[in-house]
Amino acid sequence: MTTNIAEIPVRKICCIGAGYVGGPTCSVLALNCPDIQVTVVDRNELRINQWNSEKLPIYEPGLEEIVKQCRGKNLFFSTDMAPALKEADLIFISVNTPTKTFGLGKGRAADLKFVESCARLIAEVCDRSKIVVEKSTVPVRSAASIVNVLKANTKPGVSYQVLSNPEFLAEGTAVNDLKNPDRVLIGGEESEEGKKAISALSWVYRHWVSADKIIEMNTWSSELSKLAANAFLAQRISSINAISAVCEATGADVSEVAKAIGLDSRLGPKFLQASVGWGGSCFQKDILNLVYISESLNLTSVAAYWQQVIDMNEYQKSRFGERIVQSMFNTITDKRIAILGFAFKKNTGDTRESPAIHVAKHLLEEGAFLHIYDPKVEKAQILLDLDQLDEESGISIHTDPYEAAKGTHALVVCTEWDQFIVNTYDYQRMYDSMLKPAFVFDGRKILNHSALTKIGFHVETIGKRHGQSFQDHNWAGTNGI
């Protein structure tokens with residue numbers, strides 16, 4: 001490709017995709033770069049209207065204040081894509097890359113149709129040279145695909161440099177992650193023009209990120225680093241969840257084990273909280289992608305290793321659901337159970353791959369009636385995730401936790417919302433309104449179990465057999481053999 005990208009600071013940025021990555025990223029960018037005009041474009045008119053309204057399409061602590069401060073000044077949201085792309089010096093591609101649901105690689109490979117369509121649109125409408133930055137999580141060597149599409153459709157006199165700049169955002173802390181990143185990776189060609197493009201994007205980030213945190217590397221290393229980071233984090237959670245099963249069987253306490261492990265300076269304490277399982281849009285998708293890449297490269301042992309991380313997560317979710325049934329006298333038919341929390345983690349309304357979905361479906365299949373409460377997830381989203389058209393099929397969705405608990409046999413905590421902690425809620429009030437015996441199943445290990453037991457609850461939690469003494473365990477095994 002010909003190269004003539006001007007050595008000037010970036011004055012206008014366009015981001016294709018107004019979702020969980022594009023919206024927050026560009027909002028924080030606009031806040032810290034008042035000299036740059038940032039336009040987020042998306043074909044979804046409803047989503048763009050929400051970004052331009054008082055109620056944003058996603059919830060992230062601190063995001064609303066930033067959008068209100070910058071919107072209409074140097075931050076804009078639009079469905080008119082062509083003008084924004086033409087005027088931009090730098091273009092972010094922040095579209096969804098879901099797991100394929102059919103065809104080659106079904107169930108594992110990333111579907112790059114939206115990324116490819118973005119590349120074709122850029123080539124179609126742009127009449128001057130651009131820097132194109134893949135922000136979406138993509139397989140290794142995806143930048144080469146973007147380059148090939150652009151190269152095949154480039155207009156005379158126009159050139160492109162394609163960079164990899166993966167996002168490392170955790171939902172619920174995305175604004176802080178953007179303001180104070182651990183690192184910013186920028187991958188590009190090792191040519192002179194590639195270095196100029198990397199320098200231009202680095203200049204943008206240096207408005208608020210120190211230069212020592214901006215790491216430059218080749219494109220393929222940047223792409224693989226994102227997949228590897230998410231795989232390692234998920235692996236760590238699956239590892240402690242595997243240990244939680246051993247703890248329940250032996251009488252050990254997984255919290256005590258995790259503390260002992262975390263005090264090892266080689267390991268540290270992060271991502272050692274046993275739970276009902278991990279969720280979200282990235283972990284499963286990225287690991288499945290890594291599995292598919294490994295299989296495609298004939299690295300079968302590597303693929304099997306990372307597949308086991310996902311299998312352990314599925315096992316943990318199933319195990320928690322089965323424990324609820326077993327604890328409630330092995331039947332929950334016609335029993336009412338309150339699900340507290342439906343988002344995959346606190347401080348977000350995102351339910352993608354949420355363990356609560358798996359648990360709720362399991363309980364419904366067992367014949368239970370569910371009362372569901374989450375402070376941020378919309379009713380329509382809950383019904384969609386549970387494949388329900390309305391609340392007539394064993395589900396009622398509540399806006400008040402006390403109403404959700406009323407008349408139920410059990411409370412099941414699926415999301416670690418701060419407000420669920422005992423000191424915030426009046427669990428005595430909940431207990432008084434419930435049928436007896438009243439159960440609490442803490443899938444996030446956030447509640448004060450001794451306080452709940454004193455109230456009268458029968459408490460079950462991940463990684464600990466509550467109330468069972470060391471001597472009570474039948475060391476001969478479950479069958480007494």
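Calculation criteria
- Residues numbered from 1 in each chain as written.
- Predicted model: local features only at pLDDT ≥ 70, side-chain atom pairs only at ≥ 80, totals over all residues.
- Heavy atoms only, no water.
- Helix = DSSP H or I, 4+ residues; strand = E, 2+ residues; numbered from the N terminus.
- Contact = heavy atoms within 4.5 Å.
- Areas by Shrake-Rupley, 256 points an atom, 1.4 Å probe, with all protein chains shown as cover.
- Lys, Arg positive; Asp, Glu negative; His and termini not counted.
- Charge placed at Lys NZ, Arg CZ, Asp CG, Glu CD.
- Axes fitted to C-alpha atoms, helices over the stretch in contact; angles between N-to-C directions.
- Parallel < 35°, antiparallel > 145°, perpendicular 65-115°, else oblique.
- Left-handed = near helix turned anticlockwise from the far one by under 90°.
- Nonpolar A, V, L, I, M, F, W, Y, C, P; charged D, E, K, R; others polar.
- Salt bridge = Lys/Arg side-chain N within 4 Å of Asp/Glu carboxyl O.
- Buried < 20%, exposed > 50% of the residue type's maximum accessible area, 1.4 Å probe, protein only.
- Polar contact = N/O pair within 3.5 Å; in protein donor to acceptor, adjacent residues only side chain to side chain.
- Arc of directions from axis to C-beta.

Some points on the overall build of the protein
Helix and strand counts for the protein come out as 17 helices and 14 strands. If one aligns the C-alpha atoms of the protein with their principal axes, the spans along those axes are about 75 × 50 × 45 Å. Taking as baseline every contact in the protein between residues at least 6 positions apart, the subset at least 24 positions apart corresponds to 77%. On the protein, roughly 21,600 Å² of surface is accessible, and the fraction owed to carbon and sulfur atoms is 52%. Side-chain charges of the protein comprise 51 positive and 57 negative groups, with the mean position of each set lying 2 Å from the other.

Remarks on the packing of helix 11 (residues 283–296) against helix 12 (residues 300–327)
Direction vectors running N to C along helix 11 and helix 12 enclose 155°, while the axes themselves pass 8 Å from each other. Viewed along their axes, helix 11 and helix 12 adopt a mutual orientation that is roughly antiparallel. Where helix 11 crosses over helix 12, the handedness of that crossing is left-handed. Residues Gln284, Ile287, Leu288, Leu290, Val291, Ser294 and Glu295 of helix 11 pack against Val302, Ala303, Trp306, Gln307, Val309, Ile310 and Glu314 of helix 12. Here the residues of the contact of helix 11 with helix 12 sort into nine nonpolar, three polar and two charged.

As for the pattern of salt bridges
Following the criterion strictly, the structure yields 22 salt bridges and no others. For Glu403, the salt bridge is made with Lys406, and the minimal N-O distance between the two is 3.2 Å. Look at Glu403 and you get partly exposed, because its relative accessible area is 38%. Overall, the relative accessible area of 45% leaves Lys406 in the partly exposed class. Where salt bridges share partners, they join Glu248, Arg319, Arg323 and Glu460 into one cluster.

Focus: the side chain of Glu460
Summarising the element assignment, Glu460 is placed in strand 14 (residues 458–461). We classify Glu460 as buried; its relative accessible area is 11%. A polar side-chain atom of Glu460 sits 2.5 Å from a polar atom in the side chain of Arg323. Beyond its immediate stretch of four places on either side in the chain, Glu460 contacts Arg323, Ser327, Val440, Phe441 and Asp442.

Observations concerning helix 10 (residues 254–262)
Those residues of helix 10 that sit buried are Val254, Ala258 and Gly262. End-on, the buried residues of helix 10 take up no more than an arc of 70°, which puts them together on one face. Opposite the packed face of helix 10, turned more than 90 degrees from it, sit the exposed residues Glu256, Lys259 and Ala260. Near the N-terminus of helix 10, the side chain that reaches the backbone nitrogen of Ser255, with its oxygen 2.9 Å away, is that of Asp253.

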